[in-house]
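In case you want the letters, here they are:
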Amino acid sequence: MPDIATKRTYGRSNATERLLSAIGYPERMPNADGSFTLRVDGRDVLVKEAAGRLVLSHALTEDGSIVPTLAAYAAGRMLREAATLAHGRNSTFLWQDAPVDADDRALVKLFETFADSCDWWRARVDEWGKVDAVEISEAVIRP
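Owing to the predicted nature of the structure, the values given are computational and were not obtained by experimental measurement.

**Q** Where do I start with the overall build of the chain in this structure?
**A** Assigned secondary structure in the chain consists of three helices and five strands. Put simply, the chain runs from its N terminus to its C terminus through helices and strands in the order α-β-β-β-α-β-β-α. Counting over 143 residues, the chain shows a buried share of 36%. Look at the contacts in the chain between residues 6 or more apart in sequence, and 57% of them connect residues 24 or more apart. Only carbon and sulfur atoms are counted for the fraction: they give 52% of the accessible area of the chain, which is about 8800 Å².

Okay, structure coming up:
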């Protein structure tokens, strides 16, 4: 029998509500567009539902000069994690998704693995400001 806490409230999708409940997130106030901004380790993670998927995303940087360096890491990271590095109009961000009908255990795993990926990528972005940029060859796969 489904738990009453998983029903839609405040315009939230069932998957979003289940994710927030499963991870024990205390604040349950949606953004104007129905998405949620979670504060995780001092950084924002956006949670929204799109096309039958629950999507987590985290903005890494607006500095376009770091994109080639981050892209060099992306191929190797794709072998280790489900999160995807992407570059939009004004920022480079990380995203990961799951079907909206994923069970609570899968949603917790989605959140945990995404948070781990964010930590790894965030460390690369933070390193960028501390070291000189290096010339990267075209065929580099890094862990």
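**Q** In this structure, what is going on with the packing of helix H1 (residues 14-23) against helix H3 (residues 104-128)? I would like to understand it.
**A** When two helices pack together, their arrangement is given by the angle between their axes and by how far apart the axes lie. Where H1 contacts H3, the two axes come as close as 9 Å, and the packing angle between them is 75°. Overall, the two elements H1 and H3 adopt an arrangement that is roughly perpendicular. Taking contact as the criterion, the partners of Ala15, Arg18, Leu19, Ala22 and Ile23 in H1 are, on H3, Asp104, Leu107, Val108 and Phe111. For the contact of H1 with H3, the per-class residue count stands at seven nonpolar, no polar and two charged.

**Q** Any chance you could explain helix H2 (residues 67-78) here in plain terms?
**A** The α-helix advances 3.6 residues per turn, and as a result positions three or four apart in sequence lie on the same side. Helix length check: H2 (12 residues) gives 16 Å between terminal C-alpha atoms against 16 Å at 1.5 Å per residue, within 8%. Close packing links the buried residues of H2 with strand S3 (53-61), strand S4 (84-87), strand S5 (92-99) and H3.

**Q** Would you explain the nonpolar core in this entry?
**A** One recurring pattern in soluble globular proteins: nonpolar side chains tend to sit buried together. Among the nonpolar cores identified, the biggest contains 28 residues, and Leu38, Leu56 and Trp121 are the most heavily contacted of them. If you list the elements that add at least two residues to this core, you get H1, strand S1 (36-40), strand S2 (43-50), S3, H2, S5 and H3. The greatest single-element share of this core, amounting to eight residues, is contributed by H3. Among all residues touching leucine 56, those that are not within four sequence positions of it are Leu19, Val45, Leu46, Val47, Leu94, Trp95, Gln96, Leu110, Phe111 and Phe114.

**Q** What should I look at first to understand the pattern of salt bridges in this one?
**A** Pairing is possible between side chains that carry opposite charge, provided their charged atoms lie close to one another. Applying the stated criterion across every chain, the model contains seven salt bridges. Aspartate 104 is the partner of arginine 18 in a salt bridge, and the nearest nitrogen-oxygen pair spans 3.2 Å. On the criterion of sequence distance, the pair formed by arginine 18 in helix H1 and aspartate 104 in helix H3 is long-range, its members being 86 residues apart. With a relative accessible area of 11%, arginine 18 lands in the buried category. Arginine 43 serves as the salt-bridge partner of aspartate 126, at 3.8 Å between the closest nitrogen and oxygen. Taken together, the residues span a long stretch of sequence, with aspartate 126 in helix H3 and arginine 43 in strand S2 at a distance of 83 residues.

What counts and what doesn't
- Residues numbered from 1 in each chain as written.
- Predicted model: local features only at pLDDT ≥ 70, side-chain atom pairs only at ≥ 80, totals over all residues.
- Heavy atoms only, no water.
- Helix = DSSP H or I, 4+ residues; strand = E, 2+ residues; numbered from the N terminus.
- Buried < 20%, exposed > 50% of the residue type's maximum accessible area, 1.4 Å probe, protein only.
- Contact = heavy atoms within 4.5 Å.
- Areas by Shrake-Rupley, 256 points an atom, 1.4 Å probe, with all protein chains shown as cover.
- Axes fitted to C-alpha atoms, helices over the stretch in contact; angles between N-to-C directions.
- Parallel < 35°, antiparallel > 145°, perpendicular 65-115°, else oblique.
- Nonpolar A, V, L, I, M, F, W, Y, C, P; charged D, E, K, R; others polar.
- Expected span 1.5 Å × (residues − 1).
- Core = buried A, V, L, I, M, F, W, Y, C linked by side-chain atoms within 4.5 Å.
- Salt bridge = Lys/Arg side-chain N within 4 Å of Asp/Glu carboxyl O.

Remember, this is a structural readout, not a statement about activity or role.
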